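Each chain is listed here by its residues.
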Amino acid sequence: MKYSDECIFKGDRVITKAYAKVNLTLDVLSKRDDGYHELESVMQSVSLFDLIIIDKSDTIRVKTNLNHLPTNENNIAFKAAKLFFEKSGISGGASVLIHKNIPIGAGLGGGSSDGASTLIALNRLYGYPLTDDELFKLAAKVGADVPFCMLGSTALAGGIGEKLKKLSPCRGLNMLIVKPKVSISTPEIFKLIDSEPIKKHPNNEEMVAAIENGDIEKICANTLNVLRYATQRRCPQIGGIIAEMKKGGALCSEMTGSGSAVFGIFSSARDADECAKRFYSKYNDVYSVITV
Ligand code: C5P
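These numbers were taken from a predicted model, which means no experiment stands behind them.

Attention now goes to the site of the ligand. Near the ligand you find Gly-35, Tyr-36, His-37, Leu-39, Gly-143, Ala-144, Ile-160, Thr-186, Pro-187 and Phe-190, and these make up its full shell. Within the backbone of Ile-160, one N or O atom sits 3.1 Å away from a nitrogen atom of the ligand. Look at the ligand: alone it shows 450 Å² of surface, and the protein chains cover 74% of it. Only strand S4 (37-57) and helix H5 (186-194) provide two or more residues apiece to the shell around the ligand. Element by element, the count of residues in the shell around the ligand is highest for H5, at 3 residues. When grouped by side-chain class, the residues that make up the shell around the ligand number 6 nonpolar, 4 polar and no charged.

What follows is the structure, encoded as structure tokens:
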């Protein structure tokens, strides 16, 4: 597991990063009886992160730097901590302080990543009561994207997101991420796509081969997200951001997850930074990052 190496562990405190993800591809295969959708998606961690500080405590408490975020069981980190203590049988608690950098309602997996990092950090803080396998199973209960956020790097996700096949790490790609003001509710977008046929599916076989070969041109030729057209109806700026990214030198540009954030891949950090200038006056959430 990725994050266990990146924590600062101080006995009663763990300080850790929770990285955002992008979906290089996202395909929806079918709807299940429980309302979830079977997906196939190539997922990638990026260097945009929330910072999380977790201290041992008697009860579970969550605090964030954003006033409007829930700090009760509706917060994914809270839900993760609760499940951890239930499963491990430990009667302790944790104080979880989250400094959010990853925008909310963006399709960047910020909440899921906070949940994943909380599970990993608590397991370390309390002396590894759960095996990696148990922790992964718990992650799937916290949310569909949480297992990937726990694994990190590059992976092909199946099932509802919990079946993961690790791919060759696709590190060091320069990416620009821009999120329009509108935040997106994931269930709403999944409902919308039930009502219309998907016109074009990504070719995940080609994407996986491109990643295994480190072929950036082919990676860029294969980015495709079937949720984009549904989200664009809620947030028409997405099409404009994609067009602007391409005008500004992106090798490709696509929406991540259920949106509303858009990513573009660039030949260099300099190109990504230059393109970012096109967006600063219009959007608050503009991030030049690399894949990790
Ligand atoms: O698991 P998570 O809470 O992240 O999912 C949020 C919502 O997104 C689900 O309640 C469901 O409506 C939708 N979803 C889905 N199929 C997936 C993942 C999420 O329908 N594979």
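With that settled, the discussion passes to the pairing of strand S7 (residues 154-158). S7 sits mainly inside the fold: 5 of its 5 residues count as buried. Here S7 shows a buried face lined by Thr-154, Leu-156 and Gly-158 and a second buried face lined by Ala-155 and Ala-157. Here 4 bridges tie S4 to S7, and the two strands are oriented antiparallel to one another. Looking across to S7, one finds that Ser-41 is bridged to Ala-157. Bridge analysis of S7 against strand S8 (residues 163-166) gives 4 bridges, and the strand direction is antiparallel. Across the sheet, residue Ala-155 finds its bridge partner in S8, namely Lys-166.

Judged by nonpolar contacts, the single largest core of 32 residues is most densely connected at Ile-54, Phe-84, Phe-85, Val-96, Leu-119, Leu-122 and Met-150. Elements with a minimum of two residues in this core: strand S2 (13-23), S4, strand S5 (60-64), helix H1 (76-88), strand S6 (93-99), helix H2 (110-125), helix H3 (132-142) and helix H4 (146-151). The element contributing the most residues to this core is H1, with 7 residues. If we skip the residues at most four places from it in the chain, Leu-119 touches Ala-80, Phe-84, Leu-135, Leu-138, Ala-139, Val-142 and Met-150.

Here we take up the sheet that holds strand S11 (residues 252-255). Strand-to-strand pairing in sheets goes through backbone hydrogen bonds, with the strands running parallel or antiparallel. Strands sit in the order S11-S12-S9-S13 across an open sheet of 4 strands; the sheet is antiparallel. The sheet is open, and its two borders are formed by S11 and strand S13 (285-290), each paired with just one other strand. Strand-to-strand twist across the sheet, computed as the mean angle between neighbouring axes with direction ignored, equals 20°. Sheet topology places strand S9 (residues 174-179) next to strand S12 (residues 262-266); 5 bridges connect them, and they run antiparallel. Of the residues in S12, the one forming a bridge with Ile-177 is Phe-263. On the sheet, helix H9 (residues 237-247) packs against S9, S11 and S12 and is oriented at approximately 10° with respect to S12.

Further remarks concern the pattern of salt bridges. Scanning the model with the defined rule gives 17 salt bridges in all. Here Asp-34 and Arg-32 are joined by a salt bridge, their closest N and O atoms 2.7 Å apart. Note on Arg-32: relative accessible area 28%, which makes it partly exposed. With a closest N to O distance of 2.9 Å, Glu-254 and Arg-228 form a salt bridge. Here Arg-228 lies in helix H8 (residues 228-234) and Glu-254 lies in strand S11, a separation of 26 residues in the sequence. Across this residue pair, the class does not change: Glu-254 and Arg-228 are buried. Connected through salt bridges with shared partners, the residues Arg-32, Asp-34 and Glu-38 form a single ionic network.

The subject of this paragraph is the environment of Asn-225. Relative to the helices and strands, Asn-225 resides in strand S10 (residues 224-225). Taking the C-alpha atoms as reference, Asn-225 lies 9.8 Å from Gly-259; in sequence the two are 34 residues apart. Ignoring any residue separated from it by four or fewer positions in sequence, one finds Asn-225 in contact with Leu-26, Glu-254, Met-255, Thr-256 and Gly-257. In this structure the side chain of Asn-225 is engaged in a polar contact, spanning 3.0 Å, whose partner is the backbone oxygen of Met-255.

It is worth spelling out the state of the cysteines at this point. The full count for this structure, using the stated rule, is 0 disulfides. In this model Cys-7 remains outside any disulfide bridge; the closest cysteine sulfur is found in Cys-149, 15 Å from its own. Given the relative accessible area of 11%, Cys-7 is considered buried. With no disulfide of its own, Cys-235 has Cys-275 as its nearest cysteine by sulfur position, at a separation of 17 Å. When its relative accessible area of 0% is taken as the criterion, Cys-235 is described as buried.

The rules behind these values
- Residues numbered from 1 in each chain as written.
- Predicted model: local features only at pLDDT ≥ 70, side-chain atom pairs only at ≥ 80, totals over all residues.
- Heavy atoms only, no water.
- Near = heavy atom within 4 Å.
- Polar contact = N/O pair within 3.5 Å; in protein donor to acceptor, adjacent residues only side chain to side chain.
- Areas by Shrake-Rupley, 256 points an atom, 1.4 Å probe, with all protein chains shown as cover.
- Helix = DSSP H or I, 4+ residues; strand = E, 2+ residues; numbered from the N terminus.
- Nonpolar A, V, L, I, M, F, W, Y, C, P; charged D, E, K, R; others polar.
- Buried < 20%, exposed > 50% of the residue type's maximum accessible area, 1.4 Å probe, protein only.
- Pairing = 2+ DSSP bridges.
- Core = buried A, V, L, I, M, F, W, Y, C linked by side-chain atoms within 4.5 Å.
- Contact = heavy atoms within 4.5 Å.
- Axes fitted to C-alpha atoms, helices over the stretch in contact; angles between N-to-C directions.
- Salt bridge = Lys/Arg side-chain N within 4 Å of Asp/Glu carboxyl O.
- Disulfide = S-S within 2.5 Å.

The values are spatial; any link to function lies outside them.
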